[in-house]
Amino acid sequence: MSQPKRYTITTALPYTNGPIHIGHLAGVYVPADIYARYLRLTGHDVAFIGGSDEHGVPITIKAKNEGVSPQDIVDKYHAIIKKSFEDFGITYDNYSRTSAPIHHKTASDFFKTLYDKGEFIEETTEQLYDEQANQFLADRFVIGTCPKCGNEESYGDQCENCGTSHNATDLINPKSTLTGNTPTLKQTKHWFLPLDKHEDFLKEWILEGHKKDWKPNVYGQVKSWIDDGLRPRAVTRDLDWGIPVPVKGGEGKVLYVWFDAPIGYISSTIEWAEREGKDWEPYWKDKNTKLVHFIGKDNIVFHCIIFPAMLKAEGSYILPDNVPANEFLNLEGNKLSTSKNWAVWLPEYLEEFPGQQDVLRYALNANAPETKDNDFTWKDFQARNNNELVAIFGNFINRVVVLTNKYYNGVVPEPAAFSQIDEETLAAVRAYPDVIESSIERYRFREAGQELMNLARLGNKYLADEEPWKKIKEDEVRTKTIMYVALQIASALATLSEPFLPFTSEKLKKILRFTQNDNKDSQCHAELVEASQWNDISTKEVLLPAGHQIGKAELLFSKIEDETIQKQLDKLEASKKANEAANKTVEPQKDTITFEDFTKLDIRVGTILEAEKMPKTKKLLKLKVDTGIDVRTIVSGIAESFTAEEVIGKRVTVLVNLAPRALRGVESQGMILMTETPEGKLIFVNPDDTTASNGLKIS
Ligand SMILES: [Zn+2]
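Residues numbered from 1 in each chain as written. Predicted model: local features only at pLDDT ≥ 70, side-chain atom pairs only at ≥ 80, totals over all residues. Heavy atoms only, no water.

1. Topic: the environment of Ile537
In step 1: Inspection of the secondary structure assignment puts Ile537 in helix 18 (residues 536-539).
In step 2: With residues near it in sequence (within four places) discarded, Ile537 still touches Val429, Arg430, Pro433, Ala492, Thr495, Leu496, Ser532 and Leu543. (Helix = DSSP H or I, 4+ residues; strand = E, 2+ residues; numbered from the N terminus. Contact = heavy atoms within 4.5 Å.)

2. Thoughts on the packing of aromatic side chains
In step 1: A complete count under the given rule lists 41 aromatic pairs for this structure.
In step 2: Geometrically, the ring pair formed by Phe48 and Tyr92 is tilted, given 4.7 Å between the ring centres and 35 degrees between the ring planes. Note that Phe48 is positioned in strand 2 (residues 46-52) and Tyr92 in the loop between helix 3 (70-87) and strand 3 (94-97), a separation of 44 residues in sequence.
In step 3: Judged by relative accessible area, which is 15%, Tyr92 ranks as buried.
In step 4: Aromatic rings pair up to connect Phe110, Phe111, Phe120, Trp191, Phe259, Tyr265, Trp280, Trp284, Phe307 and Tyr317 into one cluster.
In step 5: Against the face of Tyr256 rests Arg237, its NZ or CZ located 3.8 Å from the ring centre.
In step 6: Across the ring face of Phe201, the terminal group of Lys312 is positioned such that the distance to the ring centre comes to 5.0 Å. (Phe/Tyr/Trp six-rings, centres within 6.5 Å; stacked < 30°, edge-to-face > 60°. Buried < 20%, exposed > 50% of the residue type's maximum accessible area, 1.4 Å probe, protein only. Lys NZ or Arg CZ within 6 Å of the ring centre and 35° of its normal.)

3. Describing unusual backbone geometry
In step 1: Its identity as a non-glycine residue notwithstanding, Asp139 has a phi of 50 degrees, on the positive side.
In step 2: A residue is classified by how much of its surface remains accessible, and Asp139, at 5% relative accessible area, is buried.
In step 3: The phi dihedral of Arg664 is positive, around 50 degrees, even though this residue is not glycine.
In step 4: With respect to the helices and strands, Arg664 occurs in the loop between strand 21 (661-663) and strand 22 (666-668).
In step 5: With relative accessibility at 62%, the residue Arg664 sits in the exposed group.

4. Remarks on the environment of Gly665
In step 1: Relative to the helices and strands, Gly665 resides in the loop between strand 21 and strand 22.
In step 2: The spacing of Gly665 and Thr338 is 327 residues in sequence and 53 Å in space, taken between C-alpha atoms.

5. Quick notes on the coordination of the zinc ion
In step 1: Around the zinc ion, the protein contributes the donor atoms Cys146 (SG), Cys149 (SG), Cys159 (SG) and Cys162 (SG), which lie 2.3 Å from the metal centre.
In step 2: Between the four donor atoms coordinating the zinc ion, the angles at the centre fall across 107 to 112 degrees, so the site counts as tetrahedral.
In step 3: All donors to the zinc ion come from one chain, and their sequence spacing reads C-x2-C-x9-C-x2-C. You can see Cys146 sitting in the loop between strand 6 (142-145) and strand 7 (154-155) and its partner Cys159 sitting in the loop between strand 7 and strand 8 (172-176), a full 13 residues away along the chain. Summarising the burial analysis for this pair, Cys146 and Cys159 share the class buried. (Donors = N, O, S within 2.8 Å, 3.2 Å for Na, K, Ca; no water. Tetrahedral: all angles 85-135°; square planar, octahedral: opposite > 155°, others 65-115°.)

6. Concerning helix 4 (residues 101-116)
In step 1: In a regular helix each residue adds 1.5 Å, so 16 residues correspond to 22 Å; helix 4 covers 22 Å between its end C-alpha atoms and thus fits that length.
In step 2: Among the residues of helix 4, those classed as buried are His103, Thr106, Ala107, Ser108, Phe110, Phe111 and Leu114.
In step 3: Looking at the buried side of helix 4, the elements it contacts are strand 3, strand 9 (184-193), strand 11 (236-237), strand 12 (254-255), helix 7 (257-276) and helix 9 (300-314).
In step 4: With its phi angle positive at about 70 degrees, Gly118 sits one or two positions after the end of helix 4. (Expected span 1.5 Å × (residues − 1).)

Below, the structure written as structure tokens:
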């Protein structure tokens, strides 16, 4: 596409059964927001579209487990997710939800159009059925062995191990996730999208048409699916949560979540256009519109095969120009996992790093899994902040603003003639919009972010070489020129940083006293200068004119200390331990005993009266215990979990008729009953009612 007239940018609809974490932000939302902000700064017509995906089986499972309705689940997480996007400066033009009436209507109409055109196969087939739960099993209601990779825990619609998308009946050894039963087969009618019919078109459009411009990871996955041969896919389900199938015979059935979710991009665009008094259709139907889907690699099949086949079958829509899917982000070497709580959740991050959204955006972008799975580590996060944002970007801006205030009371000085170094530096600054743009246009956002930092490096080097703090004493005229040049670099940074560090860009514009959204109408700063647009950096002679008054210095970033990072690492370590404990297998039951065997044990309630550590031992405490029968000595191996002082007065359960034995020269007359957690922590087993007096029998 030569020069698109407008852009429609979509981001994967987050699934509303939990909050979002750094993996989502790095893979989809930060790159999409960089792209949208950059396009707006370069004067393009952009519709940046998102929304929550609120249908499908996992939501109904979560609702069932928590004893609430699916609507309760989606209402809760839609609000949390939407707020996270706002908090992190993701500048959607519209953020909708698939439970909205506009979406139900749009998806329903879309289905009917395809139905009327005869684009579906209507078929009664045998589907997996759980007799006990009285329910058909599809998608996540069933797990079994993936026919492609052998993963024994593949879901009914997709294998998370190899990414293959399949029908539930393809699974080997299927099991119901509702009851654990092996399902039976039962007849039911469904509508299928014959993907095989679209194979030739997909081959020509992607394998021929997008060989050069699509990312190799995306192209490779698509090619492998097409090479394996495409088959009809059911687009309806026997479920009660979702969009009702709007045709005869569809009673009690809903649209498959992966049929309705991508239509959510269209309905969200319609919602936006209606609100803004615009026409939505050009954003989806004009061939001069560039449509780009930002997604993670697990969604490639739906955005590159199924949704395009739906759009093509409908007939009036454009197809995506690109689908720059990212690979996965790992956390400290392990796969991000909601169920194992191995994640950094966005609401939690903001609580612990208030006001530091840009640091996370920057670190995630610098490590984005653009070409392969990548790792987020807290050490790297700290290093990106301390060594780049603080030491390079923040340091440069701070020196420029502080010196301008110190030497000239904050007034941009009048430059004299430029030296060769000045000319070269200003020429280099003018080249940056193109350099960054070229990376962004190829969806290389990491590289683009590093180029932005290179511009700050250029500023730092200029100041270090020219040393205005020395020259001020010997050459005031030259110092003015140096500071003028440095202020031009700072101004360029204020504009070019906006897509990457939007909160910092805003602060910087305020310090330099540029006009911006939130102070446009304000009367308090009489002399604001209009902020430069992206292309102005290359073309305008002067970005910040001599005589302009700037504001006072304000720290843009602050150093993150080792303790702060250690706290995060400790938190992850605690998650790991808790998870290991939860997964630790329970010891198998011992051989059966008779009641007579049991009655041989004489177990009593007792109280510890005295306790002292046994000399030269690590584990042993010597206790005096009132058993109700007598006061006796018991040696107990609990000294690693309890101090002697802690256990005095403790009520305990004692096996009193255990044959006495000598431990380190002390005769122990019985045993205190304890249990041990998987982490090795000892816990007393004692009666929870304090009226149980010493000597009472336990039977
Ligand atoms: Zn698999």
